[in-house]
Amino acid sequence: QAAGAVLAAELLAAQLAHLALQGLGVECCTAVLLWCGAQLGSAAIAAETTHVAGRALGLLLSCWLSLRLLGPAVRAPPAAALWRVGVPSWVVLALALEELWAALAGQRLAAWREAGAARLVLFAVAAPCAEEGYFRVALLHLCHARLSGLFPACLISASIFAHAHSGQGSAALATRCLAGLCLALRFVATGGNVLEVLLLHGLHNAAAIAGEAKRKQQDAGGSLAADFHREAASLLLFGGLAAFDSWRLGFFAFAPVRARAA
């Protein structure tokens, strides 16, 4: 009970620190962009685009701050080990090829142009960077330091990850829970390589942006079966990969993998 209370207090402190760093980064970057827009002329940069770009830059700044400040506090590996560049896994390579094929087939570009460059960078680059830096580096290491095994730590980080994302319906909740668990296990399976989960997260978000217009055309108040049908691809991707990595790691192999990452 005492260890659980300590973990709960540390999770709360980490969450407050994360929100503070994120808010500070977003506000500062947005203010700088608004000032630059005012200097260039009010019509030079649209206000909405400015705020989206400010949020994207702020999230990238908060990611850097989280790695610099929260990482050492939870004894995470150094940034050089976390962000090492190597050959992507077959999962990331397959997903990248699928996105390239879909773009060449005309199933992505129109939706990406409609979303705009700033929004695409926000959801496909900045948000994954900030979330992987916090949920996979800081939060997962914090949970594992207080718990006896990998799987409980992954489950707690996945539940917090799912709670941090908005979404309606049981299917959306299941997708976010599986995504959090999948990314946590993939982080461990690749020796603590943030670049791997960042690419997986970003590619999925890019595909989700492209599919957003199609989802809006469908009945938002459909049945539960229709909701799960819309989330089927994401559920299969994250669920299948989580099952594979769980089998590969034996569920409780975090310590050896972490040692290799350090």
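Here the structure is a predicted model, which is why all the values come from computation and not from measurement.

Cut-offs applied
- Residues numbered from 1 in each chain as written.
- Predicted model: local features only at pLDDT ≥ 70, side-chain atom pairs only at ≥ 80, totals over all residues.
- Heavy atoms only, no water.
- Helix = DSSP H or I, 4+ residues; strand = E, 2+ residues; numbered from the N terminus.
- Polar contact = N/O pair within 3.5 Å; in protein donor to acceptor, adjacent residues only side chain to side chain.
- Buried < 20%, exposed > 50% of the residue type's maximum accessible area, 1.4 Å probe, protein only.
- Core = buried A, V, L, I, M, F, W, Y, C linked by side-chain atoms within 4.5 Å.
- Salt bridge = Lys/Arg side-chain N within 4 Å of Asp/Glu carboxyl O.
- pLDDT = per-residue confidence, 0-100.
- Contact = heavy atoms within 4.5 Å.
- Phe/Tyr/Trp six-rings, centres within 6.5 Å; stacked < 30°, edge-to-face > 60°.
- Lys NZ or Arg CZ within 6 Å of the ring centre and 35° of its normal.
- Patch = residues over 30% accessible without salt bridge, like charges linked within 9 Å, V, L, I, M, F, W, Y side chains within 5 Å.
- Areas by Shrake-Rupley, 256 points an atom, 1.4 Å probe, with all protein chains shown as cover.

### Concerning the side chain of Asn193
Within the secondary structure, Asn193 sits in the loop between helix H8 (170-189) and helix H9 (194-217). At 3.1 Å, the side chain of Asn193 forms a polar contact with the backbone nitrogen of Leu195.

### As for unusual backbone geometry
Trans peptide bonds make up most of the peptide bonds, and negative phi angles are found at most residues other than glycine. Phi angles above zero are rare outside glycine, and Arg75 is one such case at about 60°. Position of Arg75 relative to the elements: it lies in the loop between helix H2 (47-73) and helix H3 (79-82). Look at Arg75 and you get exposed, because its relative accessible area is 69%.

### Focus on the nonpolar core
Counting 52 residues, the largest nonpolar core has Tyr134, Leu140, Cys154, Leu185 and Leu200 as the members making the most contacts within it. Taken together, the elements giving at least two residues each to this core come down to helix H1 (2-40), H2, helix H4 (90-104), helix H6 (117-146), helix H7 (150-163), H8, H9 and helix H11 (232-249). A per-element tally of this core places H6 first, with 13 residues.

### Topic: the pattern of salt bridges
A complete count under the given rule lists six salt bridges for this structure. The partner of Arg146 in a salt bridge is Glu10, with the nearest N and O atoms 2.7 Å apart. Note that Arg146 is positioned in helix H6 and Glu10 in helix H1, a separation of 136 residues in sequence. Classification of Arg146 as partly exposed rests on a relative accessible area of 41%. Residue Glu10 is classed as partly exposed on the basis of its relative accessible area, which comes to 23%. Residue Arg108 pairs with Glu99 through a salt bridge whose shortest N-O separation is 2.9 Å.

### Describing the confidence of the model for the protein chain
Mean pLDDT over the protein chain stands at 82; residues scoring 70 or higher make up 86%. Low pLDDT (under 50) marks residues 252-262, which in the prediction has 25 contacts with non-local residues, meaning those over four places away or in another chain.

### Quick notes on the packing of aromatic side chains
Two numbers describe a pair of aromatic rings. These are the distance of the centres and the angle of the planes. Counted under the stated rule, the structure contains four aromatic pairs. Centroid distance Tyr134 to Phe135: 5.0 Å. Interplanar angle 70°. Geometry classified as edge-to-face. As far as the burial class goes, Tyr134 and Phe135 line up, both buried. Arranged with centres 6.0 Å apart and planes meeting at 45°, the rings of Phe244 and Trp247 form a pair that is tilted. On the criterion of helical spacing, the pair formed by Phe244 and Trp247 is a turn pair, its members being three residues apart in helix H11. Residue classification places Phe244 among the partly exposed residues on the basis of a relative accessible area of 31%. Among the aromatic residues, ring-to-ring pairing joins Trp90, Phe244 and Trp247 into one connected group. For the cation-ring pair, Arg136 lies above Phe161, with the distance from its terminal atom to the ring centre recorded as 4.7 Å.

### Points about a nonpolar patch on the surface
A contiguous nonpolar surface patch, about 280 Å² in accessible area, is contributed by Leu57, Leu60, Val121 and Val125. Of all the secondary-structure elements, those providing two or more residues to the nonpolar patch are H2 and H6. Its location among the elements puts Val125 in helix H6.

### Quick look at the side chain of Glu132
In this fold, Glu132 is placed in helix H6. Within the local environment of Glu132, its side chain forms a polar contact with the side chain of Arg136, the two groups lying 2.7 Å apart. Non-local contacts of Glu132, meaning those with residues more than four positions away in its chain, are made with Val137, Leu183, Val194, Val197, Leu198 and His201.

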